[in-house]
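A structural walkthrough
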Amino acid sequence: MDIVQKYFDDFTATQKDQLKALEELYRNWNEKINVISRKDIESLYEKHVLHSLSIAAVFNFPPGTQVVDLGAGGGFPGVPLAIFFPEVEFLLVDSIGKKLKVVDAVSEAIGLKNLRTRHCRIEEVKDKKFDFVVSRAVAPLKDLWQWSRPLIRRDPAKHTTGLIEKGDHAPGLICLKGGDLTQEIFESGTRPHIMAISDLFTEPFFEEKYLVYVPK
């Protein structure tokens, strides 16, 4: 928890309580349903919570924003983002129901009112549009963009140019990725904006980890 507060110091008392509760909840659930690797559970706040919140360090989601977490797994980045943005609506989608069972239990335990889950493949979500699709380590960028593009609403009034800056961004795909992305980006046919997370957080874990943003 301290590592999160090292970079974010404006949490409300409720948000602090919600974040603090995550460790025990995930430890307990991980004994029943393995959603986090055994070695990573010891570094939950660095490798999962703070990693997820790198999105919040760059992107401002105004109240009422609609976000879908594609391949949400055990709830990252969706759960930390839902805590950080209590007035933003999050839908966490995954094809593996037992993982969403953990998300639902954690969400209920900490009183998240702005998070829902849906057990399905992302291609089956056809009833609504979103401002942003977020994802972490799910699939190659080519596939993520193919799945995301139909879900993202158009907003010609908003646009972004040049480097990513904290503030409003056009609707699009935001994904957390690592390693050499050259070939993956080429194969995707996209022209994403990329930010090194090591520019945000100094811990060695974040070296060669990136925020990749593809505006629609």
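**Digging into the confidence of the model for the chain**
Detail in the predicted coordinates should be disregarded across regions flagged by low pLDDT. With 94% of its residues at a pLDDT of 70 or more, the chain has an overall mean of 91. Least confident of the elements in the chain is helix α2 (residues 13-32), whose mean pLDDT is 94; most confident is helix α4 (residues 78-84), at 98.

**Considerations on α2**
Taking 1.5 Å of rise per residue, the 20 residues of α2 would be expected to cover 28 Å, and the 30 Å separating its terminal C-alpha atoms lies within 8% of that figure. Of all the bends in α2, the largest measures some 30 degrees and sits at L22. For α2, the complete set of buried residues consists of Q15, Q18, L19, L22, L25, Y26, W29 and N30. Next to the buried residues of α2 lie α1 (2-7), α3 (44-58), α4 and α5 (97-110).

**What about the pattern of salt bridges?**
Two side chains with opposite charge may pair up if their charged atoms get near one another. This structure, assessed with the given rule, holds eight salt bridges. Of the charged contacts, one joins E23 and R27 as a salt bridge, the two residues approaching to 3.3 Å between their closest N and O atoms. Residue E23 and its partner R27 are located together in helix α2, separated by four residues, close to a single helical turn. With relative accessibility at 30%, the residue E23 sits in the partly exposed group. Here R27 falls in the partly exposed class, since its relative accessible area comes to 29%. Its salt-bridge partner being R153, residue D131 comes within 2.2 Å of it at the nearest N-O pair. Linking D131 in the loop between β3 (115-119) and β4 (132-136) with R153 in the loop between α6 (141-148) and β5 (172-178), this pair joins segments that are 22 residues apart in sequence. R153 gets classed as partly exposed once you look at its relative accessible area, which sits at 30%. It is possible to trace a salt-bridge network through shared partners that takes in E23, R27 and E42.

**Focus: the packing of aromatic side chains**
Inspection of the entire model under this criterion finds 13 aromatic pairs. Between F8 and F201 the ring centres are 6.4 Å apart and the planes differ by 65 degrees, which places this aromatic pair in the edge-to-face class. Taken as a pair, F8 in the loop between α1 and α2 and F201 in the loop between β6 (193-196) and β7 (209-215) lie far apart in primary sequence, 193 residues in all. Considered together, F8 and F201 belong to a single accessibility category, that of buried residues. Ring geometry for F59 versus Y213: centroids 5.1 Å apart, planes at 75 degrees, classification edge-to-face. Taken as a pair, F59 in the loop between α3 and β1 (66-70) and Y213 in strand β7 lie far apart in primary sequence, 154 residues in all. By relative accessible area, which is 1% here, F59 ends up buried. Judged by relative accessible area, which is 0%, Y213 ranks as buried.

**So, the layout of surface pockets**
For the largest pocket, the calculated volume is near 420 Å³. As for the largest pocket, its lining consists of 23 residues, and the residues nearest its centre are G71, A72, G73, D94 and V138. Grouping the constituent residues of the lining of the largest pocket by class yields eleven nonpolar, seven polar and five charged.

**Overview of the nonpolar core**
One recurring pattern in soluble globular proteins is that nonpolar side chains are buried together. With 55 residues, the main nonpolar core has V4, L22, Y26, F61 and V79 as its most contacted residues. Here this core takes eight residues from α3, the largest share from any one element. In contact with F61, not counting residues within four places along its chain, are I55, V67, F85, V88, F90, F132 and I174. In terms of nonpolar packing, the next biggest core, distinct from the first, is built from 21 residues, V125, L144, L151 and I152 among them.

**Quick look at unusual backbone geometry**
In this chain, F76 is followed by P77 through a cis amide linkage whose omega measures 15 degrees. Structurally, P77 can be placed in the loop between β1 and α4. With a phi angle near 60 degrees, E208 is a residue other than glycine that sits in the positive phi range. With respect to the secondary-structure elements, E208 resides in the loop between β6 and β7.

**Describing the environment of G71**
With respect to the helices and strands, G71 occurs in the loop between β1 and α4. By relative accessible area, G71 is classed as partly exposed at 24%. For the pair G71 and A137, spaced 66 residues apart in the sequence, the C-alpha separation amounts to 8.8 Å. Discounting chain neighbours no more than four positions away, the residues touching G71 are V93, D94 and V138.

What counts and what doesn't
Residues numbered from 1 in each chain as written. Predicted model: local features only at pLDDT ≥ 70, side-chain atom pairs only at ≥ 80, totals over all residues. Heavy atoms only, no water. pLDDT = per-residue confidence, 0-100. Helix = DSSP H or I, 4+ residues; strand = E, 2+ residues; numbered from the N terminus. Expected span 1.5 Å × (residues − 1). Bend = angle between axes of the 7 residues up to and from the residue. Buried < 20%, exposed > 50% of the residue type's maximum accessible area, 1.4 Å probe, protein only. Contact = heavy atoms within 4.5 Å. Salt bridge = Lys/Arg side-chain N within 4 Å of Asp/Glu carboxyl O. Phe/Tyr/Trp six-rings, centres within 6.5 Å; stacked < 30°, edge-to-face > 60°. 1 Å grid on protein atoms, 1.4 Å probe; cavity = no way out; pocket = protein on both sides within 12 Å on 5 of 7 lines; lining within 4 Å. Points joined across faces, edges and corners; volume = space filled by probe spheres on them. Nonpolar A, V, L, I, M, F, W, Y, C, P; charged D, E, K, R; others polar. Core = buried A, V, L, I, M, F, W, Y, C linked by side-chain atoms within 4.5 Å.

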